[in-house]
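Architecture and fold: a report
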Amino acid sequence: MSLRHVLSRPDLELVGVRVYDPAKAGLDAGTLCGRPESGVRTSADREDLVGTDADVVLYMGKVETDTPGCFADVCDLLASGKNVVATGSRFIHPRSLHVSLADGIEKACRVGGSSFLGLGLYPGFIGESLAPILSRLTERADRISVREVLNYSTYASHDLIFNAMGFGHEPDDTTPLLTNTDYAASAWIGSATVLAQALGLQIQAVEGFREVATTPKALTVAAGNIPAGTVGAMRFGVEVDCGETALAVEHLTRMADDLAPQWPAEIGYAVTFEGKPNLSFHLVIGSHDEDHAAQGCLATAMHAINAIPTVMAAAPGLYDLSKIAPFVAHWTERGAVPAT
């Protein structure tokens, strides 16, 4: 989706595209995403892309399943002088995962005179940018909860759905990545940390959690087949103690709408404040029978693209959404926007 939009923008010039499937290497970038030919050929050669003359990179590698490799990519891109806007939960606040990840990015930014920003939708927007704005309406908050509820039956990534999240596995199978509650927490600790920073809160303790529900009947979804009796719905996230204010960030996914009826069911993104006043906000991305998962991917892509001018203008360094200057969408040509 981001590639299609870049190709449609007269103020962005595409200069390179990396692919991970050898079968896609050498294709025209336009052909790859269903657009007219662009004259830019894709490459599976990592070093080729690091060496490409570009001002900014939209990095959308699979950081959840290859954290070391993706951080190495980003550091090399930054050190080569390219600014980087990255999606993926583990890029939202690298220091909350491990100090070495943040130190590596900061060093690369110094070497290359470049800037880095991690963002997304959830995580990467709802808790980090929307919740702090809503806090302007409150006198105090005893608890702030941020939740995503989606049906992922149309999401076609087998690796994410089965290998990482654990759908289609026995409830007690510990093979999938997210069955480890510490790893599950790591998907959301960045979001909670940025929210805490924005509100001036100090994190005192973090606890991850994961709950699953099985499907009584076999399901066929876009990512594959889910046998009866295996995981068909799950919720996972973090509970964060910030003293007088508690934070909760969680994701709730079903593969069929009638599973786990005891859990919140309304599709979309919810932010609630328990305090004075109590406040509840619900956002739906994709309406009029649009696919919510697909529209959420579009929103994620546009968040990254709309950040380009601000990241380009920022002083070199590692940023998150509580530190970067506010930015908005630009729907018309603005002249010389950096090449992607």
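Just so you know, the residues in each chain are numbered from 1, in the order the chain's sequence is written. Local features in this predicted model are restricted to residues whose pLDDT is 70 or higher, and side-chain atom pairs enter the listing and the counts only when it is 80 or higher, whereas totals over whole chains, interfaces and linings include all residues. Only heavy atoms go into the side-chain values, all of them from the structure, while hydrogens and water stay out.

Per an unreviewed UniProt entry, the protein chain is named Dihydrodipicolinate reductase, and its organism is Mycobacterium vicinigordonae.

Some points on the overall build of the protein chain
Basically, it comes down to this: Secondary structure follows DSSP: runs of H or I at least 4 residues long count as helices, runs of E at least 2 residues long count as strands, and numbering of each begins at the N terminus. When we talk radius of gyration, it's over C-alpha atoms, and the globule rule is simply 2.2 Å times the number of residues to the 0.38. For the exposure calls, accessible area comes from a 1.4 Å probe over protein chains only, and a residue counts as buried if that area is under 20% of its type's maximum, exposed if over 50%, partly exposed in between. The contact rule is simple, with two residues in contact once any of their heavy atoms fall within 4.5 Å. Throughout, the Shrake-Rupley method with a 1.4 Å probe supplies accessible areas, and for residues the shown protein chains are the sole cover considered.
Across its full length, the protein chain carries eleven helices and 14 strands. Its C-alpha atoms give the protein chain a radius of gyration of 20 Å, near enough to 20 Å, the size a compact globule of 340 residues would have. Counting only C-alpha atoms, the protein chain reaches 50 × 50 × 40 Å along its principal axes. In the protein chain, which comprises 340 residues, the share counted as buried stands at 50%. Nonlocal contacts in the protein chain, meaning residues at least 24 apart in sequence, comprise 72% of its contacts between residues at least 6 apart. Summed over its atoms, the accessible surface of the protein chain is roughly 15,400 Å², and 52% of this surface lies on carbon and sulfur atoms.

Notes on the layout of surface pockets
It is the rolling of a water-molecule-sized probe over the atoms that shows where space remains empty. Test applied: Here the term cavity refers to a set of points on a 1 Å grid, laid over the protein atoms alone, in which a 1.4 Å probe fits but cannot get out; the term pocket refers to an open set having protein on both sides within 12 Å along at least five of seven lines, with lining residues being those that place an atom within 4 Å of a point. Grid points are joined across faces, edges and corners, and a volume is the space filled by probe spheres set on the points. Each residue gets one label: Ala, Val, Leu, Ile, Met, Phe, Trp, Tyr, Cys and Pro are nonpolar, Asp, Glu, Lys and Arg are charged, and the others, such as Gly, are polar.
Reported here for the second largest pocket is a volume of approximately 620 Å³. In this structure, the second largest pocket is lined by 26 residues; those nearest its centre are Phe125, Ser129, His303, Leu321 and Phe327. Counting residues per element, the ones that place at least two in the lining of the second largest pocket are α7 (126-134) and α10 (292-306). Here the residues of the lining of the second largest pocket are counted per class, giving 16 nonpolar, seven polar and three charged.

Notes on the environment of Ala314
Looking at the element boundaries, Ala314 is found in the loop between α11 (308-313) and β14 (317-319). Along the backbone, Ala314 and Asn83 are 231 residues apart, and their C-alpha atoms lie at a distance of 9.7 Å. Ala314 has contacts with Ser115, Tyr319 and Ile324, leaving out every residue within four places of it along the chain.

Considerations on the sheet that holds strand β5 (residues 115-119)
The following threshold applies: At least two bridges found by DSSP between two strands is the condition for calling them paired. Note on method: axes are straight lines fitted to C-alpha atoms, helices fitted across the in-contact stretch only, with angles between N-to-C directions ranging 0 to 180 degrees.
A sheet is described by the order of its strands in space; here four strands give the open sequence β3-β4-β5-β14, paired in parallel fashion. The outermost strands of the open sheet, each flanked by one partner alone, are β3 (56-59) and β14. Looking at each pair of strands side by side, their axes are set apart by 15 degrees on average, direction ignored. Sheet analysis places β3 next to strand β4 (residues 83-87), joined by four bridges and oriented parallel. Bridging from a neighbouring strand, Val57 pairs with Val84 of β4. Sitting on the sheet, α10 is in contact with β3, β4 and β5, with an inclination near 160 degrees to β4.

Points about the packing of α7 against helix α9 (residues 181-199)
Cut-off, in case you're wondering: Angles are sorted into four bins: roughly parallel if under 35 degrees, roughly antiparallel if over 145, roughly perpendicular if 65 to 115, and oblique for all others. Take the far helix as the reference: if the near one is turned anticlockwise from it by less than a right angle, the crossing is left-handed, and if turned clockwise, right-handed.
Contact pair α7 / α9: the axes reach a minimum separation of 8 Å and the direction vectors enclose 30 degrees. If you check the angle between α7 and α9, you find them roughly parallel. Crossing of α7 over α9 shows right-handed handedness. Across the interface between the two elements, Gly127, Glu128, Ala131 and Pro132 from α7 touch Ser191, Val194, Leu195, Ala198 and Leu199 from α9.

Observations concerning the UniProt feature "domain: 2,4-diaminopentanoate dehydrogenase C-terminal" (unreviewed entry) in the protein chain
To keep it simple, the criterion reads: UniProt positions are given in the numbering used here, feature names are shortened, and annotations may be inferred rather than shown by experiment.
Within the UniProt annotation, "domain: 2,4-diaminopentanoate dehydrogenase C-terminal" (unreviewed entry) is assigned to residues 131-324. From the first C-alpha to the last, residues 131-324 spans 16 Å; its make-up is 26% helix and 35% strand.

Some details on the domain arrangement of the protein chain
Often, the extent of an interface is quoted as the loss of accessible area on bringing the components together. Spelled out, the test is: Domains are outlined according to an automatic or database domain assignment. By buried area we mean the combined loss of accessible area, with a 1.4 Å probe, across both parts when two parts are placed together. Each reported salt bridge corresponds to a side-chain nitrogen of Lys or Arg within 4 Å of a carboxyl oxygen of Asp or Glu. Pairing of N or O atoms within 3.5 Å defines a polar contact, subject to two protein rules: one partner must be a possible hydrogen donor and the other a possible acceptor, and residues neighboring in sequence count only if both atoms are side-chain atoms.
Segmentation of the protein chain into domains returns domain 1 (1-121 + 295-319) and domain 2 (126-284). The straight-line distance from the C-alpha centre of domain 1 to that of domain 2 is 26 Å. On the side of domain 2, 16 residues touch domain 1, which itself brings eleven residues to the contact. Between domain 1 and domain 2, a total of about 1,100 Å² is buried, with carbon and sulfur atoms accounting for 58% of that surface. At the boundary of domain 1 with domain 2, the tally comes to one salt bridge. The residue Asp159 makes a salt bridge to Lys62 at a minimum N-O spacing of 3.1 Å. Our count for the domain 1 to domain 2 interface comes out at five residue pairs in polar contact (both at pLDDT 80 or more). Each residue belonging to the side of domain 1 that touches domain 2 can be placed in one class, and the counts come to four nonpolar, four polar and three charged.

Regarding the sheet that holds strand β10 (residues 231-242)
If you walk across this open sheet you meet the six strands as β7-β10-β11-β6-β12-β13, and the pairing is mixed. Either end of the sheet is taken by a strand with one partner, and the two such strands are β7 (205-214) and β13 (279-283). Taken over all neighbouring pairs, the strand axes of this sheet differ in orientation by 10 degrees on average, direction set aside. As paired strands, β7 and β10 are joined by ten bridges and run antiparallel to one another. From the neighbouring strand, Glu211 faces β10, where its bridge partner is Arg235. In the packing of α7 onto the sheet, the strands contacted are β6 (140-151), β12 (268-276) and β13, and the crossing angle to β12 comes to about 40 degrees.

Some points on the confidence of the model for the protein chain
What counts, and what does not: pLDDT measures how confident the predictor is about each residue, on a scale from 0 to 100.
In the predicted model, the protein chain carries a mean pLDDT of 94, and 97% of its residues have values of at least 70. Here residues 334-340 is modelled with pLDDT under 50, and outside its nearest four sequence neighbours on either side it reaches 23 contacts, counting other chains as well.

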